[in-house]
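Chain residues, written in single-letter form:
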Amino acid sequence: MKEFEIIKKYFSSLTKKNPGALNLNDDIFFDRTKKLAISVDTYVEGNHFLNFKNPELVLKKILRSSISDLVCKGVRPQYYFISGSGNKKTFSKKNLNKIHLALKSEQKKFNIKLCGGDTTNSSKLSFTIISIGYSSNIIKRNNAKINDDIYVTGELGDSYIGLNVLKKKINLTNSEKKYFIGKYYLPSIQLKLVHMIKKHANTSMDISDGLFADIEKMINKQKLSYEININKIPISKKLKKIISGEKILLQNVISRGDDYQILFTANNKRSRIIESASKKFNIKVTKIGKIVSKRKSPIIIDEKHNKIRLNYSGFEHQF
């Protein structure tokens with residue numbers, strides 16, 4: 001079964017008297033009365049990260065992806081818990097020291113504090129992170145409006161190339177390898193845009209499973225669709241060079257996820273304000289399309305307005 005089928009069939013009914021659970025159809029739990037926002041994520045070696053050869057980079061990656069769930073909702077993360085399951089090899093003194101230094105660095109970078117956690121002896125390496133923040137309001141999924149502009153922050157696709165470098169599936173120069181591996185392990189979390197998202201976005205989520213799959217999830221309870229101009233999707237100069245040289249299709253690269261950029265919609269009257277915030281913080285915020293009526297199927301076009309068919313829309317857990 002697919003992940004969301006399992007949630008709907010076995011768990012959603014358990015939250016009927018708990019509005020903060022948001023019907024288990026959003027990124028976080030939110031208690032409006034207590035202004036409390038919580039996200040929970042589990043990361044398993046082989047599924048969410050390749051291996052533990054660079055424990056400091058793995059810990060930075062998973063912590064950033066966890067707080068991304070709050071940031072995309074317009075919530076500033078403040079606290080986190082972390083639990084780890086591993087053995088003497090994965091949790092050696094050398095690795096534990098690297099983990100300590102990585103978490104210390106991330107705490108300083110994002111102004112977050114460790115509150116607790118748990119450790120378990122296991123042959124399978126995994127981590128679970130709980131991130132906590134406080135806010136009077138959040139930007140939920142399924143609140144888009146017809147004719148909303150669709151935006152993404154930062155640049156997409158670099159992380160997927162980095163993963164393929166680590167898997168030795170693509171040949172690049174040493175400087176290119178370093179760049180893309182860095183993008184895989186160290187996603188840019190747009191903390192400076194929290195206020196702008198909370199004030200001006202109608203609906204939002206982070207891009208973890210691929211752009212098109214996540215657009216579908218963001219509006220999955222609404223009778224809406226979308227139009228995307230694929231040539232407006234922001235990618236780095238280095239990725240453009242690889243796409244042209246390796247004959248890789250752009251739509252395949254941006255459908256692989258692990259970007260942790262913010263995907264959101266906003267009224268077209270907010271475009272100047274959003275552009276101003278982008279310039280103020282020197283962060284790309286790019287308009288890539290618009291929300292349309294469900295009467296239309298999702299449309300993805302190129303610069304010549306030719307429709308593009310997707311071979312792969314994004315990642316989905318299967319059980």
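What you see is a predicted model, and the numbers here were worked out from it, not measured in a lab.

## Some remarks on the side chain of lysine 61
Moving on, step 1. The topology assignment puts lysine 61 in helix 2 (residues 55–71).
Moving on, step 2. By relative accessible area, which is 3% here, lysine 61 ends up buried.
Moving on, step 3. If we ignore the near neighbours within four places in the chain, the residues touching lysine 61 are His48, Ser159, Tyr184, Tyr185, Pro187, Asp258 and Tyr260.

## Examining a nonpolar patch on the surface
Moving on, step 1. Side chains of Met1, Tyr10, Phe11, Leu14 and Leu24 sit close together on the surface and give an oily, nonpolar patch of about 500 Å² of accessible area.
Moving on, step 2. For leucine 24, the position within the fold is in the loop between helix 1 (3–11) and strand 1 (29–31).

## Regarding the packing of aromatic side chains
Moving on, step 1. According to the stated counting rule, one finds 8 aromatic pairs in the structure shown.
Moving on, step 2. Summarising the aromatic geometry, the rings of tyrosine 184 and tyrosine 185 are spaced 5.0 Å apart at their centres and angled 70 degrees between planes, so their arrangement reads as edge-to-face.
Moving on, step 3. Classification of tyrosine 184 as buried rests on a relative accessible area of 2%.
Moving on, step 4. Members of the aromatic cluster, connected to one another through ring pairs, are Phe49, Phe52, Phe91 and Phe127.
Moving on, step 5. Over the face of the ring belonging to phenylalanine 110 we find lysine 109, whose NZ or CZ atom lies 5.8 Å from the ring centre.

Cut-offs applied
Position labels on residues start from 1 in each chain and follow its written sequence. In keeping with the predicted nature of the model, local features appear solely for residues at pLDDT of at least 70, side-chain atom pairs appear and are counted solely at 80 or more, and the whole-chain, interface and lining totals rest on all residues. To get the side-chain values, take all heavy atoms of the structure and skip hydrogens and water. Helical segments are the DSSP runs of H or I of at least four residues, strand segments are the runs of E of at least two, and each set is numbered from the N terminus. Exposure categories follow from relative accessible area, calculated using a 1.4 Å probe and restricted to protein chains: below 20% of the type maximum is buried, above 50% is exposed, and the middle band is partly exposed. A contact between two residues is defined here by any heavy atoms of the two lying within 4.5 Å. Only residues whose relative accessible area exceeds 30% and that form no salt bridge enter a patch; like-charged residues are grouped when within 9 Å of one another, and nonpolar side chains (Val, Leu, Ile, Met, Phe, Trp, Tyr) when within 5 Å. Accessible areas in this description were obtained via Shrake-Rupley with a 1.4 Å probe; residue shielding takes into account the shown protein chains only. The salt bridge definition used is simple: a Lys or Arg side-chain nitrogen within 4 Å of an Asp or Glu carboxyl oxygen. Each pair of aromatic rings taken from Phe, Tyr and Trp, with Trp reduced to its six-membered ring, is defined by centres within 6.5 Å and is described as stacked if the planes are under 30 degrees apart, edge-to-face if over 60, and tilted in the remaining cases. Over a ring means this: the NZ of a Lys or the CZ of an Arg is within 6 Å of the ring centre and within 35 degrees of the ring normal.

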